[in-house]
Each structure stands twice: as structure tokens, then as C-alpha cells.
Amino acid sequence: MKKLSILLLLFFSFTGTAQQRTAVPIIFDTDIAPDYDDVGAMALLHAFADKGEARILATISSNAFETTVPTLSVLNAYFKRPNIPVGVVKADKPDKDCSQQWAQAIIAKYPHALQSNDQAVDAVKLYRKILAAQPGKSVTIVSVGFFTNLAGLLNSAADEYSLLDGKALVKKKVKQLVSMAARIGEDGKTGYEFNVMVDAAATKKVFAEWPTPVIISGFEIGEKILTGIRLIHNEKIQNSPVKDAFSVALAKDSNTVGRNSWDETAVLVAVRGISPWFGSRKLNFDVEADGKNVLVPGEKFTYLTFRQTPAQIAIVIEDLMMHQPGRGSKN
């Protein structure tokens, strides 16, 4: 009996470890240009992939600005995954520029296979192709930009990749959506947040119709988590587009305390879960025509709250942001 107990203990210990090591399949959807926390988020994502905790299925831009696809290509190449599929919204808008010029700087300095947005696949088409090929309820979508692509996916019709329409395809293949979006202001009921506002109609559709569980990291979470200073002063890191992006942008802003880590929180939670860093509460939002998000009755969304202090979470995030690509990078 004692031997049997030991064998059972070893079995459950082994299976538990195996489950922990299962890589989370992720499609990453970003507006990567108006801000540079997206770069930090991609650094986390590739760090998790190198550790065997994530598998990057695609990196997709919800922003039509001309630097977005080359930037994704730079970062994927730097982390030794140059063949990750890249998609982009094939429309004139949203089109939000990179006023701090960090994207232009790293595109000029670092190699990248995709030289323009024209070379990337249509975002919705890529979503459908990737999702159709995945097992049921397996994919985590991380959205840290506008909701344009996700609304387009919900609206999509059957095609060569799947006989299902977009909403049915999402319901069948997606495990969860993790998004940096929304804001609860001082009134405790409403807020304006960039990702929600830029394409308010798309956000409204996604918030109302998305058919899987949704985790939201609101503005007030990432706002308090500051990172980047240790990164730019780390002399062991050389010739890094991640470090360069933060160096250029922090200097442009005369920022000596660190950048708000909005997008990084979404990647952290998507891969490693909510605990121990965050708690959560259940709520629901509607989106008004001007992009204001308004609390309404319901429990559709899991909305992050703080469990650890912002400073404690910042250490975890920035340590991952400083991860360097290894020779044995996993796909």
C-alpha cells in the first residue's frame, strides 16, 4: 500500500509538472506605434516562448500606421522567430503614428524580413487561417491595441479555411481573450481609454458579442506599474531593439521613473494567470459612441484588481523584459 501511495504521488506530481509546462498558444494583436509598452509586451511574450510557457501563433497589428509591420518583424527576428506569421488591418484606419520615433529608430537599425505593411497578410484572414488549424478551445488571444481586427473576425464569413462564420469559429477555437482595455474613473462607473476609444464601434461589438471568457487589464492597473529604467541601464544588454525603443522614448519624454506597463500586464496574465499578482472582480461594460466605457449590470468580464503592489509586479515584468534571445529559442 505504501509503494502504491508513493507511485500515485509521483504520477500526480509528474502530470502536474507536465501541465504547468504546456505552452499557451497565443495570437498577439497590437497597435504597436503610439506607445512602446507594446514592445515590452512582445519581449515578455518571446521570453515566455523561450521558457516553453507560450507558443506564438501570430503577431497582428490593429494599426495601419506604416511602421507597425516592420516593427513586428524586427522584434520577431531579434528573438529568433522571423517566420512567425504577421498580419495587419487592411484599411486606412485606425492609423496612429509613432510620434516618439522609437519605431523608426529600431526599423533603421535592425534586420527585418517585412519591409512594409503591404507584405503582411490581412489580419482577419490570418486570424481565420490560424484558428481553423488549432484544436478546440485552445487559443488565447492577447489584444493590446484597437478592437478593429476582432470585430472584423466576428463579422467574417465562411471561407477556404473554415465553413464556420467568425463568431462560431471563435467560440469553437478560442479559450479566452485577454485584453488591455477600458478604464474605471473616479466615479467608479465610467472612463475613457485609448484602445477602446480609437475604434469605439468595433469595441462595442466585441464587448457585446465576444463568445468566450474575457479578462481585462484596465488602464488603472498598468498605469501604476512602471518599468524600463533598469532595462535601459543594464549594460549587459547590447544591440537590443527592446532596450533601444525604451531608451529613445524615455529620453524623448524626459522620463526618469519608467513607463506605464499597460500591455505587459495582459501578456503576463495570459501566460501565467491572474494570481499571485492580481485579484479580480466580475463586471460588464457598454461602450458609448464617443468611446466612453460604462459599467452596466452583468458579469461578462473578469476585471483585474491589485493583490501585490505595483512595485512588486514591476520587478517581475521588467525581469522578463530584459530576457535575451537564446540559441535554443523554442517556437
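An account of the accompanying structure is given in this report.

Conventions used here
- Residues numbered from 1 in each chain as written.
- Predicted model: local features only at pLDDT ≥ 70, side-chain atom pairs only at ≥ 80, totals over all residues.
- Heavy atoms only, no water.
- Core = buried A, V, L, I, M, F, W, Y, C linked by side-chain atoms within 4.5 Å.
- Buried < 20%, exposed > 50% of the residue type's maximum accessible area, 1.4 Å probe, protein only.
- Helix = DSSP H or I, 4+ residues; strand = E, 2+ residues; numbered from the N terminus.
- Contact = heavy atoms within 4.5 Å.
- Salt bridge = Lys/Arg side-chain N within 4 Å of Asp/Glu carboxyl O.
- Phe/Tyr/Trp six-rings, centres within 6.5 Å; stacked < 30°, edge-to-face > 60°.
- Polar contact = N/O pair within 3.5 Å; in protein donor to acceptor, adjacent residues only side chain to side chain.

Let us now look at the nonpolar core. Considering soluble globular proteins, one finds that nonpolar side chains tend to be buried as a cluster. In this structure, I26, F28, V39, W102, V267, L268 and F278 are the most contacted members of the largest nonpolar core, which totals 69 residues. Sort the elements by how many residues they give to this core and helix α2 (residues 37-50) lands first, with nine residues. Sequence-distant contacts of I26, defined by excluding residues within four places in its chain, comprise L45, A54, R55, I56, L57, A58, T140, V142, A270 and V271. Counting 36 residues, the second-largest nonpolar core is a separate cluster that includes F147, L150, A181 and W210.

Turning our eyes to something else, we now look at the pattern of salt bridges. Pairs can form between side chains of opposite charge once their charged atoms are near each other. Tallied over the entire structure, the rule returns 10 salt bridges. When the shortest N-O distance is used, the salt bridge between K109 and D244 registers 2.9 Å. Of this pair, K109 sits in helix α4 (residues 102-109) while D244 sits in helix α12 (residues 241-252), and the two are 135 residues apart along the sequence. Note that R230 is salt-bridged to E318, the shortest N-O span being 3.8 Å. With R230 in helix α11 (residues 229-232) and E318 in helix α14 (residues 310-321), this residue pair connects regions lying 88 residues apart in the sequence. For R230, a relative accessible area of 37% gives the class partly exposed.

Each α-helix turn comprises 3.6 residues. Residues three or four places apart therefore point the same way. Burial runs high along helix α5 (residues 123-132): seven of the 10 residues are buried. Burial in α5 covers these residues: A123, V124, L126, Y127, R128, I130 and L131.

It is worth spelling out the packing of aromatic side chains at this point. For any pair of aromatic rings, geometry is given as the distance between the ring centres together with the angle between the planes. If you walk through the whole model with that rule in mind, you get 10 aromatic pairs. With 5.7 Å between their ring centres and 70 degrees between their planes, F285 and Y303 make a pair best called edge-to-face. One end of the pair, F285, is in strand β11 (residues 278-287); the other, Y303, is in strand β12 (residues 292-306), and 18 residues separate them in sequence. By the burial criterion, F285 is buried, and Y303 matches it. Through a chain of ring-to-ring contacts, the aromatic side chains of F147, F207, F285, F301 and Y303 assemble into a single cluster.

So, about the side chain of T212. Note that T212 resides in the loop between α9 (200-209) and β8 (214-217). Among the polar contacts listed, one links the side chain of T212 to the side chain of W210, at a separation of 2.8 Å. Among residues more than four places away in sequence, those in contact with T212 are V170, K171, V174, K175, Q176 and L177.

All right, on to unusual backbone geometry then. A cis amide bond links K93 with the next residue in sequence, P94, at an omega value of 0 degrees. Within the secondary structure, P94 sits in the loop between β3 (86-88) and α4. Here the bond from S275 into P276 is cis, since omega is 5 degrees, no more than 30 degrees from zero. Note on placement: P276 falls in the loop between α13 (262-272) and β11. Notably, Q101 is not glycine yet its phi reads approximately 70 degrees, a positive angle. Looking at where Q101 falls in the secondary structure, it is placed in the loop between β3 and α4. Look at S254: it is not a glycine, yet its phi comes out positive at around 50 degrees. Looking at the secondary structure, you find S254 in the loop between α12 and β10 (259-260). Residue classification places S254 among the exposed residues on the basis of a relative accessible area of 64%.

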